[in-house]
Amino acid sequence: MQYEHVLVDRQGAVGVVTLNRPKVLNALSPALIAELSDALDRFDAEPDVRAVVLTGGPRVFAAGADIGDMSERGPVEQLQRDQTGRWARIAAFSKPLIAAVNGYALGGGCELALMCDLIVAGDTARFGQPEINLGIIAGAGGTQRWPRTVGKYVAMEINLGGAPVTAQRAYQLGLANKVVPAEVTVDVAVQLAARLAEKAPVALRLAKESVNQALELPLSEGLAVERKNFYFLFATEDQKEGMRAFLEKRKAQFKGR
Ligand code: CAA
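Sequence order sets the numbering: in each chain, residues are counted from 1 along the sequence as written. Thresholds applied to this predicted model are a pLDDT of at least 70 for local features of residues and 80 or more for the giving and counting of side-chain atom pairs; totals over whole chains, interfaces and linings are not thresholded and use all residues. Hydrogens are left out, water is left out, and the side-chain values use all remaining heavy atoms of the structure.

### Some words on a nonpolar patch on the surface
No. 1: Taken together, the side chains of Phe230, Tyr231, Phe234 and Met243 make up a nonpolar region of the molecular surface, amounting to roughly 440 Å² of accessible area.
No. 2: Only DSSP runs of H or I covering at least 4 residues are called helices, and only runs of E covering at least 2 are called strands; the numbering of each starts at the N terminus. Along the chain, tyrosine 231 falls in helix H11 (residues 219-233). Grouping into patches uses exposed residues only, defined as over 30% relative accessible area, and leaves out salt-bridged ones; the cut-off is 9 Å for like charges and 5 Å for nonpolar side chains (Val, Leu, Ile, Met, Phe, Trp, Tyr). Note on areas: Shrake-Rupley, 1.4 Å probe, and residue coverage restricted to the protein chains presented here. Whenever Lys or Arg places a side-chain nitrogen within 4 Å of a carboxyl oxygen from Asp or Glu, that contact is recorded as a salt bridge.

### Concerning the nonpolar core
No. 1: The set of buried Ala, Val, Leu, Ile, Met, Phe, Trp, Tyr and Cys residues whose side-chain atoms join them within 4.5 Å is what this entry labels a nonpolar core. Between buried and exposed lies partly exposed: a residue is buried under 20% and exposed over 50% of the maximum accessible area for its type, with that area taken using a 1.4 Å probe on protein chains only. Ranked by internal contacts, the top residues of the largest apolar core, which has 44 residues, are Phe127 and Trp146.
No. 2: Looking at this core, the element that brings in the most residues is helix H1 (residues 30-45), giving six residues.
No. 3: Core analysis: the next-biggest nonpolar cluster, separate from the first, contains 14 residues, Ala51, Val180, Ala189 and Leu192 among them.

### Observations concerning the pattern of salt bridges
No. 1: Counted according to the given criterion, the structure contains ten salt bridges.
No. 2: Measuring nitrogen to oxygen at the nearest pair gives 3.5 Å for the salt bridge that ties arginine 257 to glutamate 237. Of this pair, arginine 257 sits in the segment after helix H12 (237-247) while glutamate 237 sits in helix H12, and the two are 20 residues apart along the sequence.
No. 3: Two residues, arginine 250 and glutamate 241, come together in a salt bridge whose shortest N-O distance is 2.8 Å.
No. 4: On the accessibility criterion, arginine 250 (35% relative accessible area) is partly exposed.
No. 5: Assessed through its relative accessible area of 16%, glutamate 241 is described here as buried.
No. 6: The structure contains a network of salt bridges with shared partners spanning Glu241, Glu248 and Arg250.

### Some words on the packing of helix H10 (residues 201-214) against H11
No. 1: At a minimum axis separation of 9 Å, H10 and H11 run at an interaxial angle of 175°. With respect to each other, H10 and H11 are oriented roughly antiparallel. Along its contact with H10, which presents Val202, Ala203, Leu206, Glu209, Ser210 and Gln213, the element H11 presents Val225, Glu226, Asn229, Phe232 and Leu233.
No. 2: When the residues that make up the contact of H10 with H11 are grouped by side-chain class, the tally is six nonpolar, three polar and two charged. Axis angles are defined between N-to-C directions and span 0 to 180 degrees, where every axis is a line fitted to C-alpha atoms and, for a helix, only to the segment in contact. Working rule for angles: under 35 degrees goes down as roughly parallel, over 145 as roughly antiparallel, 65 to 115 as roughly perpendicular, anything else as oblique. In this description, contact between two residues means that some pair of their heavy atoms is separated by no more than 4.5 Å. Amino acids outside the nonpolar list (Ala, Val, Leu, Ile, Met, Phe, Trp, Tyr, Cys, Pro) and the charged list (Asp, Glu, Lys, Arg) are all regarded as polar, and Gly is one of them.

### Focus on helix H5 (residues 108-115)
No. 1: Burial runs high along H5: eight of the eight residues are buried.
No. 2: Within the sequence span of H5, burial applies to Gly108, Gly109, Cys110, Glu111, Leu112, Ala113, Leu114 and Met115.

### So, the pairing of strand E3 (residues 51-55)
No. 1: The element E3 is extensively covered by neighbouring structure, given that five of its five residues are classed as buried.
No. 2: By this definition, two strands are paired if DSSP reports at least two bridges between them. Here five bridges tie strand E2 (residues 14-19) to E3, and the two strands are oriented parallel to one another. Looking at the pairing, glycine 15 lines up with valine 52 of E3.
No. 3: Chirality of the crossover, the property in question, places the unit of E2, H1 and E3 among those that are right-handed.
No. 4: Here E3 runs beside strand E5 (residues 97-101); their pairing, made up of four bridges, is parallel. In the sheet register, leucine 54 faces E5, and the bridge partner there is alanine 99. Call a crossover right-handed when, viewed with both strands pointing away from you, the route from the first strand across the helix to the second goes clockwise.

### Considering the site of the ligand
No. 1: The nearness test applies per residue and asks whether one of its heavy atoms lies within 4 Å of the molecule or strand. Near the ligand lie 21 residues; those nearest to it are Ala63, Ala65, Gly108, Glu111 and Glu131.
No. 2: Think of a polar contact as two N or O atoms within 3.5 Å of one another; within protein, one of them needs to be a possible hydrogen donor and the other a possible acceptor, and neighboring residues in sequence only count if both atoms come from side chains. Between the ligand and the protein, one listed contact pairs an oxygen atom with a side-chain N or O atom of glutamate 131 at 2.7 Å.
No. 3: Burial of the ligand by the surrounding chains reaches 58%, relative to a free accessible area of 990 Å².
No. 4: Of the residues belonging to the shell around the ligand, the class tally is 13 nonpolar, four polar and four charged.

### Considerations on unusual backbone geometry
Excluding glycine, residues mostly have negative phi values, and the peptide bonds linking residues are mostly trans.
No. 1: For asparagine 26, which is not glycine, the phi dihedral falls at a positive 60°.
No. 2: Its place among the elements puts asparagine 26 in the loop between E2 and H1.
No. 3: Judged by relative accessible area, asparagine 26 falls into the buried class, the value being 2%.
No. 4: Positioned with a positive phi, lysine 249 is a non-glycine residue whose angle comes to about 55°.
No. 5: Residue placement: lysine 249 occurs in the segment after H12.
No. 6: You can call lysine 249 exposed: its relative accessible area is 77%.

### Details of the sheet that holds strand E6 (residues 104-106)
No. 1: The strand order E4-E6-E8-E9 describes an open sheet built from four strands, whose pairing is mixed. The outermost strands of the open sheet, each flanked by one partner alone, are strand E4 (60-62) and strand E9 (165-166).
No. 2: Of the strand pairs in this sheet, E4 and E6 are connected by two bridges, and their pairing is parallel. For valine 60, the partnering residue across the bridge sits in E6 and is tyrosine 104.

Honestly, that's just the spatial picture; any functional story needs more than this.
Shown next as structure tokens:
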């Protein structure tokens with residue numbers, strides 16, 4: 001499949017999607033979001049791809065929604081061109097999704113990173129919600145995912161103040177899993193993804209689902225989801241293989257069944 005605004009690559013069991021509108025700092029036009037969502041759908045359906053890295057390239061992750069595309073729209077037009085479904089499909093990606101962020105991850109670009117499961121930040125990364133400076137607010141999860149990640153007060157600072165945080169601060173806040181030199185951000189993310197790709201795919205999927213449910217549900221309901229997923233995994237060949245391999249002191253060969 002040929003795309004205009006994203007590049008798609010495979011490194012073994014790891015899929016790599018690169019946002020590719022460098023002239024406008026990877027501004028997230030509806031066409032780009034449609035392609036990104038399609039590329040992720042294809043990786044989701046491909047059993048040999050077991051984890052995916054999402055990056056924007058060496059200097060910028062994404063500077064947000066395309067302001068040129070939005071500037072003259074009215075609310076009804078915005079509603080009719082609603083991107084919610086496409087964003088929701090990205091957030092619902094079922095395999096581990098790792099953001100490799102160099103440079104600006106602003107507005108929708110930051111929200112995209114926040115939809116990923118892990119974030120590897122290059123030391124040049126800057127995360128923020130500058131929508132307030134445009135007279136709007138975040139529209140793809142920025143007011144909701146920041147407080148769930150870093151708490152109310154930092155989320156207020158980010159969403160009301162509009163200034164981005166550095167990679168190092170993002171790490172201290174628990175937003176980034178690692179900070180690495182910008183030249184190796186994608187490599188580190190791919191290595192991390194490759195390690196996850198060796199795990200049992202169904203268990204990975206249910207671990208991701210269970211953790212995400214922790215952000216949606218009261219504790220007792222979240223624990224019920226976890227318990228059902230835990231029991232379900234005893235129906236998989238990979239559970240038998242994983243436990244036998246442990247007892248036989250060998251490396252497990254997981255098949256995703
Ligand atoms: N949309 C459209 N074009 C953008 C863009 C965006 N979000 N961000 C940058 N560009 C364009 C610039 O207009 C410029 O184009 P020209 O060369 O044709 O002039 C080009 O990309 C390079 O940008 P700058 O010259 O501004 O680069 P800089 O290094 O001086 O500044 C920046 C970088 C601080 C990121 C600055 O570009 C900036 O502030 N961008 C806008 C960030 C922003 O407000 N994002 C939120 C968008 S709204 C949103 O995302 C809503 C949502 O929740 C979904």
